[in-house]
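Results of the structural survey
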Amino acid sequence: MRPWVRDGVLVLVLTCLAGCSAAESERQVLMREKYPSYPEHIKQAIDSGTLVKGMTQEQVLLAIGRTHCVNSRSLTGKTYDSWAYKLDPATGKLIVPERCHEGRQAVVFENGYLTEWDAQ
């Protein structure tokens, strides 16, 4: 293998690894810095991997993970975000899909706060 190809592959692998540890670090930072200040019912939801109306996007991230399947739109001064997840048939809980077409369970936020989700 040519040195420049080997170096390119090494950079690609290191970049992917850095991205994975950054996602883990985001959750760890939120758990350390924000989790202690959440109301008890929100902490219980996060700990059990369930959702509660009024949760912030950060709290949903902590409860079920960050999905890459996101749609956003603005309408009459409000921002609506729809995050797609997949329903785990074994547990009945929402999980992050590997591919967006797998994630058909919508979690909807209005101005950053959870208003509804399909698997209620």
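Our structure's up above, just so we're on the same page.
These lines cover the structure that appears in this document, whether it is placed above or below. (Residues numbered from 1 in each chain as written. Predicted model: local features only at pLDDT ≥ 70, side-chain atom pairs only at ≥ 80, totals over all residues. Heavy atoms only, no water.)

With that out of the way, let us pick up the pairing of strand β2 (residues 78-87). As paired elements, strand β1 (residues 70-75) and β2 share six bridges and run antiparallel to each other. Bridge pairing in β2 places Val70 opposite Trp83. Linkage of β1 to β2, two consecutive antiparallel strands, is achieved through a turn of two residues, within which Thr76 is found at a positive phi near 45 degrees. As judged from the six bridges shared by β2 and strand β4 (residues 105-110), these two strands associate in the antiparallel manner. Its bridge partner lying in β4, Tyr80 is registered against Glu110. Of the strand pairs in this sheet, β2 and strand β3 (residues 94-95) are connected by two bridges, and their pairing is antiparallel. What sits directly across from Leu87, in β3, is Leu94. Turn length for the β2-β3 hairpin, with the two strands adjacent in sequence and antiparallel, is six residues, and the turn residue Gly92 shows positive phi of about 75 degrees. (Pairing = 2+ DSSP bridges. Helix = DSSP H or I, 4+ residues; strand = E, 2+ residues; numbered from the N terminus.)

Time to look at the packing of aromatic side chains. Summed over all chains, the structure comprises two aromatic pairs. Between the aromatic rings of Tyr35 and Tyr38, the centroid separation amounts to 6.4 Å while the plane-to-plane angle is 75 degrees, which identifies the pairing as edge-to-face. An identical accessibility class is assigned to Tyr35 and Tyr38; each is buried. On the basis of an interplanar angle of 55 degrees and a centroid distance of 4.6 Å, the ring pair of Trp83 and Phe109 is categorised as tilted. Remark: Phe109 occurs in strand β4 and Trp83 occurs in strand β2; sequence separation between them is 26 residues. As far as burial versus exposure is concerned, Trp83 and Phe109 are alike and both buried. (Phe/Tyr/Trp six-rings, centres within 6.5 Å; stacked < 30°, edge-to-face > 60°. Buried < 20%, exposed > 50% of the residue type's maximum accessible area, 1.4 Å probe, protein only.)

So yeah, pure geometry; function would need other evidence.
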